[in-house]
Amino acid sequence: SNDAKRELLGVGGHTLERHGAVSEPTAREMAAGALAASRAHLALSVTGIAGPGGAVPGKPVGTVCFGWALAAAPGAAPAVRTETLHLPGDRVQVRLAAARHAVGQAVRMVRDAVSNPSASAKN
């Protein structure tokens, strides 16, 4: 819910008003907020329209926005990445594909950071 996004993850009300709950700016703030609120080194976020209803102009069913935040050195901003996909299928298929993509990209982000720590600090 938008309330949970604001209260638990620190998503700004202005972000939700300007871009909507299903947007890369919201996914970015969700991931960064989850990272800041935990002792984790990586946080990911998923926000989307899995269906069957909920589509709005420009955001059809299957629109999913992702965010990944990877902790940086103390005092440095985390590396945050976002992406939007339009996934096919019904509600179950969209949610499963979104979960697989989110976790797969998180693994890739960690692998890249371990393989090349100086490059991940710049992302």
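Now for a quick tour of the structure. Quick caveat: nothing in here was measured; it's all calculated off a predicted structure.

A few points about the overall build of the protein
Scanning the protein from N- to C-terminus turns up five helices and three strands. Across the protein, helices and strands are ordered from the amino to the carboxyl terminus as α-α-α-β-β-β-α-α. For the protein, whose C-alpha radius of gyration is 15 Å, the value lies close to the compact-globule estimate of 14 Å for 123 residues. By residue count, 35% of the 123 residues in the protein fall in the buried class. Put simply, 47% of the contacts in the protein that link residues at least 6 apart link residues at least 24 apart. Just so you have it, the protein exposes about 7,200 Å², and 56% of that area is on carbon and sulfur atoms.

As for a nonpolar patch on the surface
A cluster of nonpolar side chains, L44, V46, V103 and V107, forms an exposed patch at the surface whose accessible area comes to about 290 Å². Broken down by secondary-structure element, the contributors of at least two residues to the nonpolar patch are strand 1 (42-48) and helix 4 (91-115). Looking at where V103 falls in the secondary structure, it is placed in helix 4. Given a relative accessible area of 49%, V103 falls into the partly exposed group.

Criteria and thresholds
Residues numbered from 1 in each chain as written. Predicted model: local features only at pLDDT ≥ 70, side-chain atom pairs only at ≥ 80, totals over all residues. Heavy atoms only, no water. Helix = DSSP H or I, 4+ residues; strand = E, 2+ residues; numbered from the N terminus. Rg over C-alpha atoms; globule rule 2.2 N^0.38 Å. Buried < 20%, exposed > 50% of the residue type's maximum accessible area, 1.4 Å probe, protein only. Contact = heavy atoms within 4.5 Å. Areas by Shrake-Rupley, 256 points an atom, 1.4 Å probe, with all protein chains shown as cover. Patch = residues over 30% accessible without salt bridge, like charges linked within 9 Å, V, L, I, M, F, W, Y side chains within 5 Å. Salt bridge = Lys/Arg side-chain N within 4 Å of Asp/Glu carboxyl O.

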